[in-house]
Amino acid sequence: MNKLWALLLLAATLPAGAADLTVSAASSLTESFREISSAYEKANPGTKVDLNFAASGTLLQQIARGAPVDVLASADQATMAQANTEGLIDPTTEHVFAQNSLWVVVPPQASNKPTTLAALARADVKRVAIGNPDSVPVGRYARGALQQAGVWPAMQAKMISTQNVRQSLDYVARGEVDAGFVYATDAQAMSERVQRAFQVPVAGGIAYPLAMVKTSRNAAEAKRFIAFVRSAQGQAILHRHGFGSP
């Protein structure tokens, strides 16, 4: 909520015609979008990109409540589809710009790593971090995979619900849980503090879309940023951070 009020305050204080661009992006895009934004600013002198990171569902709620956002980048197509249904984005600007994969990670000191979803039901696995499936795409992906494997009911007592994928990652890195569901890119970002246990199959894969928000006051700039993310330079940055091509 504090971030939302900060964004609303930004809307009231920005001068007319300001070139500043506000981009709301899924938490798993933190490192890559910081680098992309820096490169974009360098390529477009006088433009400043303000980044707002949170779970995709939270970002959608902020926009629905009037937060001054120009571009939305989510970690799943379901969130973007909802944004389109609610009339919050310009669908002609929507593009899938990256792919990711789902992993179970464990603390660095873990010696008996689970190798399957069924193994998470073992007695020695007591706490598992999973993003809230109601608002966090990684949680929905995890829930779907666990349901498909028939072990979702067994996970209920072990599940530690998190607000976004980075909170799950932090819990694992600090050893506060025995395992957690994160994206491959998150595991790469903290490769020295977590161990990859196994990749989780996700039906249909994991695609990241972005689009211009309909209420953007910098439509031309928003479209240029979207084009930059999809450009060879933007894609190279995403690849360095572990994302796959769309």
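(A) Main features of the sheet that holds strand β2 (residues 49–54). Ordered by their spatial adjacency, five strands build an open sheet running β2-β1-β3-β10-β4, and the pairing between neighbours is mixed. Among the strands making up the open sheet, the edge pair consists of β2 and β4 (95–100). Within this sheet the neighbouring strands show an average axis-to-axis angle of 20°, counted without direction. Against the sheet, helix α2 (residues 30–43) touches β1 (21–26), β2, β3 (71–73) and β4, its axis set at about 170° to β2. The sheet strands contacting helix α9 (residues 219–230) are β1, β2, β3, β4 and β10 (206–212), and the helix crosses β10 at an angle near 155°.

(B) Expanded view of the pattern of salt bridges. Here the structure, examined in full by the defined rule, presents eight salt bridges. Between R166 and E31 there is a salt bridge, with its nearest N and O atoms 2.5 Å apart. Residue R166 is located in helix α7 (residues 165–173), and its partner E31 is located in helix α2; the two are separated by 135 residues in the primary sequence. Residue classification places E31 among the partly exposed positions, given a relative accessible area of 29%. In this structure, the salt-bridge partner of R166 is D186, at a minimum N-O distance of 2.5 Å. Linking R166 in helix α7 with D186 in helix α8 (residues 184–189), this pair joins segments that are 20 residues apart in sequence. With relative accessibility at 15%, the residue R166 sits in the buried group. Each of E31, R166 and D186 takes part in a single network of salt bridges with overlapping partners.

(C) Region of the structure containing the packing of aromatic side chains. Across all of its chains, the model carries eight aromatic pairs by this definition. Arranged with centres 6.2 Å apart and planes meeting at 80°, the rings of F97 and Y208 form a pair that is edge-to-face. Of this pair, F97 sits in strand β4 while Y208 sits in strand β10; the two residues are 111 residues apart in sequence, bridging distant segments of the chain. Look at Y141 and Y183: their rings are 6.4 Å apart centre to centre, the planes differ by 70°, and that puts the pair in the edge-to-face class. On the criterion of sequence distance, the pair formed by Y141 in helix α5 (residues 137–149) and Y183 in strand β8 (residues 179–183) is long-range, its members being 42 residues apart. Each member of the pair Y141 and Y183 is classed as buried. Chaining the aromatic ring pairs together yields one cluster made of F33, Y40, F97, Y141, Y183, Y208, F225, F228 and F243. Directly above the ring of W103 sits R196, whose terminal nitrogen or CZ lies 5.0 Å from the centroid.

(D) Representation of helix α3 (residues 56–64) in the model. Turning to α3, its buried residues number three or more, namely S56, G57, L59, L60, Q62 and I63. G66 occupies a position one or two residues after α3 and carries a positive phi of about 105°.

(E) Just the confidence of the model for the protein chain, in detail. On average, the protein chain scores 92 in pLDDT, and the residues at 70 or more come to 92%. Across residues 9–18, where pLDDT falls below 50, the model places seven contacts with residues more than four positions away in sequence or in other chains.

(F) Seen up close, the nonpolar core. L29, F33, F97, F181 and F225 are the most contacted members of the largest nonpolar core, which has 64 residues in total. Counting residues in each nonpolar core, the second largest holds 13 residues, with A54, I63, A83 and L88 among its members.

Parameters at a glance
- Residues numbered from 1 in each chain as written.
- Predicted model: local features only at pLDDT ≥ 70, side-chain atom pairs only at ≥ 80, totals over all residues.
- Heavy atoms only, no water.
- Pairing = 2+ DSSP bridges.
- Helix = DSSP H or I, 4+ residues; strand = E, 2+ residues; numbered from the N terminus.
- Axes fitted to C-alpha atoms, helices over the stretch in contact; angles between N-to-C directions.
- Contact = heavy atoms within 4.5 Å.
- Salt bridge = Lys/Arg side-chain N within 4 Å of Asp/Glu carboxyl O.
- Buried < 20%, exposed > 50% of the residue type's maximum accessible area, 1.4 Å probe, protein only.
- Phe/Tyr/Trp six-rings, centres within 6.5 Å; stacked < 30°, edge-to-face > 60°.
- Lys NZ or Arg CZ within 6 Å of the ring centre and 35° of its normal.
- pLDDT = per-residue confidence, 0-100.
- Core = buried A, V, L, I, M, F, W, Y, C linked by side-chain atoms within 4.5 Å.

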